[in-house]
Protein chains: 2
Amino acid sequence: MRVDLDRSRPVWRQVAEAISRRIDDGTYPPGGRVPGMVELSAEFGIAASTAQKALAHLRDTGQVRTELGLGTFVADAG
Amino acid sequence: MRVDLDRSRPVWRQVAEAISRRIDDGTYPPGGRVPGMVELSAEFGIAASTAQKALAHLRDTGQVRTELGLGTFVADAG
DNA sequence: GGAAATTTGTACGTATGTATC
DNA sequence: GGATACATACGTACAAATTTC
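We now turn to the structure provided with this report. These figures come from a predicted structure and were not determined experimentally.

### Some points on the overall build of chain A
Right, on to step 1. Helix and strand content of chain A: three helices and three strands.
Right, on to step 2. Listed N to C, the secondary structure of chain A is α-β-α-α-β-β in terms of helices and strands.
Right, on to step 3. Taking 2.2 N^0.38 as the reference for a compact globule, 78 residues should give roughly 12 Å; the C-alpha atoms of chain A span a radius of gyration of 12 Å, in line with that estimate.
Right, on to step 4. Expressed as a percentage of its 78 residues, the buried residues of chain A come to 37%.
Right, on to step 5. Taking all contacts inside chain A whose residues are at least 6 apart in sequence as the whole, residues at least 24 apart take part in 49%.
Right, on to step 6. Per element, the accessible surface of chain A, about 4,800 Å² overall, is 53% carbon and sulfur.
Right, on to step 7. In chain A, 10 side chains carry a positive charge and 10 a negative one; their mean positions are 5 Å apart.

Put into structure tokens, the structure is as follows:
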């Protein structure tokens, strides 16, 4: 579950890609909850604001759906 | 050229919409330069980081194109 | 109805990196 | 090297929505 971060590419993008891979391989199933900003910042050792940007990007690309007060969830396939 | 900001909707979105309108009405013609973060923050009385978010959104939606070290330009019609 | 905790969203500010002129 | 301008990363504070007590 560990992701090595390199310095040549944006951290927020690498985190978004890591989550995207986990969606693809079923680690985070459709409708299931994705780790939130606080959890991601702890796991990757990054700022919450950076984790938020990664999640916002996944939302903008339709891979997840966010619900205020609840969390972030894998978008239903389709 | 003045835009009234209300508190019910995100500032970054209102700024993005204002720029979008100016693109549509020809104020900022295709290929022309759009005011940058510093200019927008001064005009609207907002933080540069908020102006940056508005510009990033316009870039993500294909309305403008940004060039590092140069500025932000209206995307060619298409 | 209200208070607290959790979680996402917005806004601001600062520092640093990268690219162009 | 210096000035300009966008990009990334961090941190802080508060707002908004939901859940739980």
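Let us keep going from here.
### Details of the side chain of serine 20 of chain A
Right, on to step 1. Its place among the elements puts serine 20 of chain A in helix α1 (residues 11-24).
Right, on to step 2. Apart from residues lying up to four places away in sequence, serine 20 of chain A is in contact with Leu58 and Gln63 of chain A.

Definitions and cut-offs
- Residues numbered from 1 in each chain as written.
- Chains lettered and ligands numbered in written order.
- Predicted model: local features only at pLDDT ≥ 70, side-chain atom pairs only at ≥ 80, totals over all residues.
- Heavy atoms only, no water.
- Helix = DSSP H or I, 4+ residues; strand = E, 2+ residues; numbered from the N terminus.
- Rg over C-alpha atoms; globule rule 2.2 N^0.38 Å.
- Buried < 20%, exposed > 50% of the residue type's maximum accessible area, 1.4 Å probe, protein only.
- Contact = heavy atoms within 4.5 Å.
- Areas by Shrake-Rupley, 256 points an atom, 1.4 Å probe, with all protein chains shown as cover.
- Lys, Arg positive; Asp, Glu negative; His and termini not counted.
- Charge placed at Lys NZ, Arg CZ, Asp CG, Glu CD.

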